[in-house]
Amino acid sequence: MAFILAVMVVLVFGNVLLRYGFNSGITVSEEVSRWLFIWITMLGALVGLRERTHLGVDMVVAKLPPLGKKICLAASYLIMLFILWLLFQGSVAQTRINWDVEAPVTGLSMAIVYSVGIFFSVCASLILLIDLYRLAAGKLSTQELVGIQESEEAGALAQVLGQQGGGKEMQS
């Protein structure tokens, strides 16, 4: 992801510099940067899924007993797997449709754009299936049963408020 970001910065900044400084530019800069942005977004979403850092609301699930948390987590994973299946099917269809379509500037296949959906859906499905297996095998900790993480700011605030309240934990 860092490499992709570096390439994007060089392409976009170089293009701006050349355009305004030397009245020329890098013709493929905009198209390639847009494609790289799509890829870096999906790679970042995969990292977020793996590390459970996506935004979410857990006020109901957090109050459930462990069995309820397990049921909710399993249900959410099954729903996500279904959505990933739909994304996979759509991405395969679009990749096939656009296989022979050339991008206007680079002349590369537009299938590159749609193939990221295939890559993302396969990788995300593997992450979810591994976690679903860990859930079924009882290998997930109690903290992992809630599918999101608290933000760093909220965690720091809870810790400060807990210390001010005589060591009592803050109730969500």
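Thresholds applied
Residues numbered from 1 in each chain as written. Predicted model: local features only at pLDDT ≥ 70, side-chain atom pairs only at ≥ 80, totals over all residues. Heavy atoms only, no water. Phe/Tyr/Trp six-rings, centres within 6.5 Å; stacked < 30°, edge-to-face > 60°. Helix = DSSP H or I, 4+ residues; strand = E, 2+ residues; numbered from the N terminus. pLDDT = per-residue confidence, 0-100. Patch = residues over 30% accessible without salt bridge, like charges linked within 9 Å, V, L, I, M, F, W, Y side chains within 5 Å. Areas by Shrake-Rupley, 256 points an atom, 1.4 Å probe, with all protein chains shown as cover. Salt bridge = Lys/Arg side-chain N within 4 Å of Asp/Glu carboxyl O. Buried < 20%, exposed > 50% of the residue type's maximum accessible area, 1.4 Å probe, protein only. Core = buried A, V, L, I, M, F, W, Y, C linked by side-chain atoms within 4.5 Å. Contact = heavy atoms within 4.5 Å.

Participant: What exactly am I supposed to notice about the packing of aromatic side chains here?
Facilitator: For any pair of aromatic rings, the description consists of the separation of the ring centres together with the inter-plane angle of the planes. One pass over the full model with this rule turns up 2 aromatic pairs. Arranged with centres 5.8 Å apart and planes meeting at 25 degrees, the rings of Trp85 and Phe88 form a pair that is stacked. Taken together, the residues Trp85 and Phe88, both in helix α3 (residues 66-97) and 3 residues apart, mark about one turn of the helix.

Participant: Any chance you could explain the confidence of the model for the protein chain here in plain terms?
Facilitator: Detail in the predicted coordinates should be disregarded across regions flagged by low pLDDT. Of all residues in the protein chain, 83% have pLDDT values of 70 or greater, and the mean over the chain is 81. Confidence, expressed as mean pLDDT per element, reaches its minimum in the protein chain at helix α5 (residues 152-164) with 64 and its maximum at helix α4 (residues 111-136) with 93.

Participant: What is the right way to read a nonpolar patch on the surface from this model?
Facilitator: A cluster of nonpolar side chains, Leu5, Val9, Phe13, Leu17 and Phe22, forms an exposed patch at the surface whose accessible area comes to about 550 Å². The exposure class assigned to Leu17 is partly exposed, which follows from its relative accessible area of 45%.

Participant: Looking at this model, I keep getting lost on the nonpolar core. Mind explaining?
Facilitator: Generally speaking, soluble globular proteins have nonpolar side chains that are buried together. Judged by nonpolar contacts, the single largest core of 14 residues is most densely connected at Phe120, Ala124 and Leu128. Within the residue set of this core, elements represented by two or more residues are α2 (29-51), α3 and α4. The element that contributes the greatest number of residues to this core is α4, accounting for 6 residues. Leave out the neighbours within four places in its chain, and Leu128 touches Leu49, Tyr77, Met80, Leu81 and Leu84. Core analysis: the next-biggest nonpolar cluster, separate from the first, contains 5 residues, Ile4, Met8, Leu11 and Leu36 among them.

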